[in-house]
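# Structural overview for review
Here is how the chains run, residue by residue.
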Amino acid sequence: MTQQVIGRPLRVSAREVWRGGSQELIDWFVDHPSALNDMLDLPFVSVQRGRVNSSYAVDLLAEDAEGRPAVIEVSLSRSGNAGLGRLITYASVLQAGTAVWIVEDITAEHVSAVGWLNRSGIANFYLIQVQCLKGSDGTAIHLLTRILGPSNLIRSAESERRSLMDHSDLRLAFFEHLGSQSYAPVMVPATKGSASVVHRLTRLPGVTYNFLVEPYECGAEIRIIGTRERRNEANRIFQALLARRGELEAGLVPDVLLWESLSPGNFRIAVMMPGGYASPDGEWDEIQLQLVELMRRMRMNFKKHLHSLADH
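Residues numbered from 1 in each chain as written. Predicted model: local features only at pLDDT ≥ 70, side-chain atom pairs only at ≥ 80, totals over all residues. Heavy atoms only, no water.

## Quick notes on the pairing of strand β8 (residues 196-201)
To keep things clear, this is the line we draw: Being paired, for any two strands, means DSSP has found at least two bridges between them. To qualify as a helix, a DSSP run of H or I must reach at least 4 residues; to qualify as a strand, a run of E must reach at least 2; elements of each kind are numbered from the N terminus.
Bridge count between β8 and strand β9 (residues 207-213): five bridges; the pairing is antiparallel. Looking at β9, one finds that Val 198 is bridged to Asn 210.

## Describing the packing of aromatic side chains
Quick note on the threshold: Whether two aromatic rings pair depends on their centres lying within 6.5 Å, for rings of Phe, Tyr and Trp, where Trp uses its six-membered ring; planes under 30 degrees apart make the pair stacked, over 60 edge-to-face, and the rest tilted. Three exposure classes are used, based on accessible area relative to the maximum for each residue type with a 1.4 Å probe and protein chains only: buried under 20%, partly exposed in between, and exposed over 50%.
Going through the model one piece at a time under the given rule, you end up with five aromatic pairs. Ring geometry for Trp 28 versus Phe 29: centroids 5.5 Å apart, planes at 70°, classification edge-to-face. Neither residue differs from the other here; Trp 28 and Phe 29 are each classed as buried. Ring centres 6.1 Å apart and planes at 65° place the aromatic pair Phe 238 and Trp 259 in the edge-to-face group. Linking Phe 238 in helix α8 (residues 231-242) with Trp 259 in strand β11 (residues 257-263), this pair joins segments that are 21 residues apart in sequence. The pair formed by Phe 238 and Trp 259 is uniform in burial state, with each residue classed as buried. A connected cluster of aromatic rings, assembled from ring pairs, spans Phe 174, Phe 175 and Trp 284.

## So, the sheet that holds β11
Note the following rule: A fitted line through C-alpha atoms serves as each axis, taken over the contacting stretch for helices, and the angle formed by two N-to-C directions is quoted from 0 to 180°. Contacts are residue-level and defined by heavy atoms, with any inter-residue pair within 4.5 Å sufficient.
The five strands lie next to each other as β8-β9-β10-β12-β11, forming an open sheet whose pairing is antiparallel. Of all strands in the sheet, those with a lone pairing partner are β8 and β11, marking the two edges. Taken over all neighbouring pairs, the strand axes of this sheet differ in orientation by 30° on average, direction set aside. Here β11 pairs with strand β12 (residues 266-274) via six bridges, running antiparallel. Residue pairing for β12: Ser 261 is matched across the bridge by Phe 267. Taken strand by strand, helix α7 (residues 167-179) contacts β8 and β9, and its axis lies near 120° from that of β9. Sitting on the sheet, helix α10 (residues 284-310) touches β8, β9, β10 (217-225), β11 and β12, and the angle it makes with β10 is about 30°.

## Thoughts on the nonpolar core
Here is the rule we go by: Grouping buried Ala, Val, Leu, Ile, Met, Phe, Trp, Tyr and Cys residues that are joined through side-chain atoms within 4.5 Å yields what is termed a nonpolar core.
Counting 40 residues, the largest nonpolar core has Ile 222, Ile 224, Leu 241, Leu 257, Ile 269, Met 298 and Phe 302 as the members making the most contacts within it. Where this core is concerned, the elements lending two or more residues are α7, β9, β10, α8, β11, β12 and α10. If you tally residues by element for this core, the top one is α10, at ten residues. In this structure, Ile 26, Trp 28, Phe 29 and Ile 72 belong to the second largest nonpolar core, which totals 26 residues.

## Considering helix α2 (residues 22-31)
Defined as follows: In this context, the arc is that of the directions from the helix axis out to the C-beta atoms.
Of all the residues in α2, the buried ones are Ser 22, Leu 25, Ile 26, Trp 28 and Phe 29. Buried residues along α2 cover an arc of 160° about the axis, so they all sit on one side.

## Overview of the environment of Leu 178
Turning to its location among the elements, Leu 178 is positioned in helix α7. A sequence separation of 109 residues divides Leu 178 from Ile 287, and the C-alpha atoms of the two residues are 9.8 Å apart.

## Examining helix α5 (residues 108-120)
Here is the rule we go by: An expected span of 1.5 Å times one less than the residue number is assigned to each helix.
The terminal C-alpha atoms of α5 lie 19 Å apart, and with 13 residues this matches the ideal 18 Å at 1.5 Å per residue to within 8%. For α5, the complete set of buried residues consists of Ala 108, His 110, Val 111, Val 114, Gly 115, Leu 117 and Asn 118. Gly 121 sits one or two residues past α5 and shows a positive phi near 80°.

## Some points on the packing of α8 against α10
As a reminder of what qualifies: The cut-offs work like this: below 35 degrees is roughly parallel, past 145 is roughly antiparallel, 65 to 115 is roughly perpendicular, and the gaps in between are oblique. Here a crossing is called left-handed whenever its near helix is offset anticlockwise from the far helix by less than a right angle, and right-handed whenever the offset is clockwise. For this scheme, ten residues count as nonpolar: Ala, Val, Leu, Ile, Met, Phe, Trp, Tyr, Cys and Pro. Four count as charged, namely Asp, Glu, Lys and Arg, and the remainder, Gly too, count as polar.
Taken N-terminus to C-terminus, the directions of α8 and α10 make an angle of 135°; their axes are 11 Å apart at the nearest point. Between α8 and α10, the angle falls in the class oblique. Where α8 crosses over α10, the handedness of that crossing is right-handed. From α8, Arg 236, Ile 237, Ala 240 and Leu 241 reach across to α10, where they touch Phe 302, His 305, Leu 306 and Leu 309. Among the residues making up the contact of α8 with α10, the classes are represented as six nonpolar, one polar and one charged.

## So, the side chain of Glu 260
On the secondary structure map, Glu 260 appears in strand β11. Setting aside residues no more than four positions away along its own chain, Glu 260 makes contact with Ala 108, Val 111, Phe 238, Asn 266, Phe 267 and Arg 268.

Interpretation in functional terms is not warranted from these geometric data alone.
Shown next, in the form of structure tokens:
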């Protein structure tokens with residue numbers, strides 16, 4: 001498979017690139033274990049096809065530097081309950097310390113499910129998206145994007161110092177620093193404990209562009225919130241945008257949009273990037289410059305679609 005893209009890349013089905021389906025991608029990981037190591041930042045000493053017992057065959061079985069097993073489930077399709085169930089079963093039977101789920105398309109429900117599994121502390125769960133692009137001359141490349149992984153709030157001496165501080169204070173300081181920059185107007189001042197801050201309003205009631213930040217990642221989001229009386233309207237807006245998902249995601253390649261239904265009448269469409277409020281102070285300016293550029297691309301990508309919905 002050629003690894004160079006010429007011309008404007010277009011997203012295509014992963015099966016157009018991996019003609020042999022999931023099995024071909026599984027074989028590729030066996031031959032290129034460093035791809036997993038680099039993406040997950042985990043030192044796997046081996047990656048091979050694995051078997052749990054006579055009844056179950058895990059796609060890939062790895063071992064970390066301390067000898068603990070890791071299970072990896074691969075699927076060139078939309079995330080489904082069956083795939084997640086297999087991953088949990090394999091991790092349970094093997095008492096794995098790490099479980100990795102690699103899929104092409106990811107639902108908001110499964111993003112939430114993997115986050116919940118990480119919060120349970122039973123193992124470290126990773127959610128990876130595989131995407132394929134083709135250039136104008138037909139050359140192809142695949143992208144592996146880490147969508148979700150376990151939180152690690154102590155990564156260095158700097159982060160250890162910060163862990164002694166109240167995280168809500170750090171998040172507030174990050175937003176206040178962002179709001180003080182002329183290139184990052186904030187409509188509503190940040191408040192302590194809030195994970196996001198409003199950047200701009202839209203013509204649609206309850207729909208805003210927000211900056212959001214976590215300890216080691218931040219992002220731009222479109223938040224759609226409907227009161228009890230406007231839940232149907234909020235759902236209509238989210239579903240209308242979801243119907244245009246292919247076009248909207250293509251406009252942000254290689255970044256990945258996360259589509260989340262948080263609660264009845266409460267929706268989020270977000271794109272995340274590395275760097276957050278627990279990053280060293282000296283890195284905040286560069287992180288926030290990149291964050292503002294990400295927001296600019298987000299707004300340009302959604303502008304005509306939101307205007308169209310406001311006019312109907």
